[in-house]
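Take a look at the letters that make up each chain.
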Amino acid sequence: MINIEIDSGSGFCFGVTTAIQKAEEELAKGTTLYCLGDIVHNGMECERLRHMGLITISHEEMNQLHDVKVLLRAHGEPPETYELARRNNIEIIDATCPVVLQLQRRIKRQYSADGPLIVIFGKPGHAEVLGLVGQTEGNATVIANQEDAKKLDFSRDIYLYSQTTKSLDEFQRIIGYIREHIAEGRTFQSFDTICRQVANRMPNVSSFATRHDLVLFVCGRKSSNGRVLFNECRRVNPNSHLIESAAEIDMSWLKDVSSVGICGATSTPKWLMEECRDAILRHTEE
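Calculation rules
- Every chain's residues receive numbers from 1 upward, in the order its sequence appears when written.
- In view of the model being predicted, local features appear only for residues whose pLDDT reaches at least 70, and side-chain atom pairs are presented and counted only at 80 or more, with totals across whole chains, interfaces and linings using the full set of residues.
- Computation of side-chain values: all heavy atoms of the structure, hydrogens and water removed.
- Every axis corresponds to a line fitted to the C-alpha atoms, with the helix fit spanning only the stretch in contact, and the corresponding angles, defined between N-to-C directions, vary from 0 to 180 degrees.
- Helix and strand definitions follow DSSP, with helices as H or I runs of at least four residues and strands as E runs of at least two, each counted in order from the N terminus.
- For classification purposes, an angle smaller than 35 degrees is called roughly parallel, one larger than 145 roughly antiparallel, one from 65 to 115 roughly perpendicular, and anything else oblique.
- By definition, turning the near helix anticlockwise from the far helix through less than a right angle yields a left-handed crossing, and turning it clockwise yields a right-handed one.
- In what follows, a contact means two residues having at least one pair of non-hydrogen atoms within 4.5 Å.
- The aromatic pairing rule takes the rings of Phe, Tyr and Trp, using the six-membered ring of Trp, and pairs them if the centres are within 6.5 Å, calling planes under 30 degrees apart stacked, those over 60 edge-to-face and the rest tilted.
- Type-normalised accessible area, obtained with a 1.4 Å probe on protein chains alone, sets the label of each residue: buried when under 20%, exposed when over 50%, and partly exposed for intermediate values.
- Pairing between strands is defined by DSSP: at least two bridges between them are needed.
- Every definition here rests on a 1 Å grid over the protein atoms only: cavities are sets of points where a 1.4 Å probe fits but cannot get out, pockets are open sets enclosed by protein on both sides within 12 Å along at least five of seven lines, and lining residues have some atom within 4 Å of a point.
- Grid points are joined across faces, edges and corners, and a volume is the space filled by probe spheres set on the points.
- Amino acid classes used here: Ala, Val, Leu, Ile, Met, Phe, Trp, Tyr, Cys and Pro are nonpolar; Asp, Glu, Lys and Arg are charged; the rest, including Gly, are polar.
- Throughout, right-handed denotes a crossover for which the path from the first strand over the helix to the second runs clockwise when the strands point away from the viewer.

Visitor: For this particular structure, what's the right way to read the packing of helix H1 (residues 14-28) against helix H2 (residues 43-52)?
Guide: A pair of packed helices is characterised by two quantities: the angle between their axes and the separation of those axes. Packing of H1 against H2 brings their axes to within 10 Å, and their N-to-C directions diverge by 15 degrees. Put simply, H1 runs roughly parallel to H2. Crossing of H1 over H2 shows left-handed handedness. Facing H1, whose interface residues are Ile-20, Glu-24 and Leu-27, H2 presents Glu-45, Arg-48, Leu-49 and Met-52.

Laid out in structure tokens, this is it:
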């Protein structure tokens, strides 16, 4: 008999939970609700909400809308989005994560055109990063890794921030690199803006993965947080597989396996992990 455990620490973070609750509350009223971008980086959950009536739109499509309700997801948005909503008489349902909102305000307060170089450690083009860069009128520098940090202008004062879902270890390595290379007499400040609810999942998921013969990591392939956590699973347990749904489980993986661990990203709904468990149980019963 195979033992299957779903990681109790996996699943939606506070910000995603709040965004989905707000969407469900608005949809329950029977009003038309648009969402700017995928509400969460999980195709299955987006599809569930689409069936409830949520309409996902792009920034270009929002330009054409007037007198409607638009939900802003947990990732946050740049100031231009709020200005567009004001011009087009769009009611904003703001589900920006409080941690992201605090970070946006911090960057906005500390930015000035002739001030320090604002550097953001994050995934270029990611929704949260675009919102953060928007607080600097588009003038922040985004670096994806330590290699990118080598291209910074070390003759300037530098303020370093991080996307809330990035790796704490990599952030510390970048801090060390900039400290070593900043020009003499220049100021360098780093601000640890990584969400601890996300950062703490790294050691937790690592410990979870070591306890099982097979690990199924369930998440959307667009989830940057999911990719980081999955890589950690695979590091400690090479018999780890990333899947988006139960349909992607290869039952041959179960051969000679006595325990299966199912875990996921901050964008993975619990019901999706439960579906994966149920699919394995059905297969073993057959």
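Visitor: Hey, could you run me through the packing of aromatic side chains in this one?
Guide: Remark: the centre distance and the inter-plane angle together describe each pair of aromatic rings, the angle taken between the planes. Applying the stated rule across the entire model yields five aromatic pairs. Ring plane angle 75 degrees and centroid distance 5.6 Å describe the contact between Tyr-159 and Phe-191, whose orientation is recorded as edge-to-face. With Tyr-159 in strand S8 (residues 158-162) and Phe-191 in the loop between strand S9 (188-190) and helix H9 (196-199), the pair connects residues that are 32 residues apart, well separated along the chain. Classification of Phe-191 as buried rests on a relative accessible area of 8%. With a centroid separation of 4.8 Å and an interplanar angle of 15 degrees, the aromatic rings of Tyr-161 and Phe-191 are classed as stacked. Of the two residues, Tyr-161 is situated in strand S8 and Phe-191 in the loop between S9 and H9; the sequence distance between them amounts to 30 residues. Ring pairs connect the aromatic residues Tyr-159, Tyr-161 and Phe-191, which therefore count as one cluster.

Visitor: Sorry, what's going on with the sheet that holds strand S12 (residues 259-264) here?
Guide: Backbone hydrogen bonds hold the strands of a sheet together, and the pairing may be parallel or antiparallel. An order of S1-S12-S10-S11 is seen for the four strands of this open sheet, with the pairing classed as parallel. Edge positions in the open sheet fall to strand S1 (3-6) and strand S11 (240-243), since each of these has one partner strand only. Direction aside, neighbouring strands of the sheet carry axes that sit 20 degrees apart on average. Here four bridges tie S1 to S12, and the two strands are oriented parallel to one another. Its bridge partner lying in S12, Asn-3 is registered against Ser-259. Strands S1, strand S10 (214-218) and S12 of the sheet are contacted by helix H10 (residues 201-210), whose axis makes an angle of about 160 degrees with S12. Strands S10, S11 and S12 of the sheet are contacted by helix H11 (residues 224-236), whose axis makes an angle of about 160 degrees with S11.

Visitor: Can you walk me through empty space enclosed by the protein in this structure?
Guide: By rolling a water-sized probe across the atoms, one finds the places where empty space is left. The full count for this structure, using the stated rule, is one cavity of 30 Å³ or more. Counted as a void, the largest cavity has a volume near 50 Å³. In this structure, the largest cavity is lined by Asp-7, Gly-9, Ser-10, Arg-201, Asn-204, Val-205 and Gly-264. Here the lining of the largest cavity takes three residues from H10, the largest share from any one element. Of the residues belonging to the lining of the largest cavity, the class tally is one nonpolar, four polar and two charged.

Visitor: What's the story with the pairing of strand S2 (residues 33-36) in this structure? I'm lost.
Guide: The side chains of a regular strand alternate, residue by residue, between the two faces of the sheet. Going residue by residue along S2, you find Leu-33 and Cys-35 tucked away on one face and Tyr-34 and Leu-36 tucked away on the opposite face as well. Direction of pairing for S2 relative to strand S3 (residues 55-57): parallel, over a ladder of three bridges. The residue bridging Leu-36 from the neighbouring strand is Ile-57, located in S3. Following the backbone out of S2, through H2 and into the adjacent parallel S3, one traces a crossover that is right-handed.

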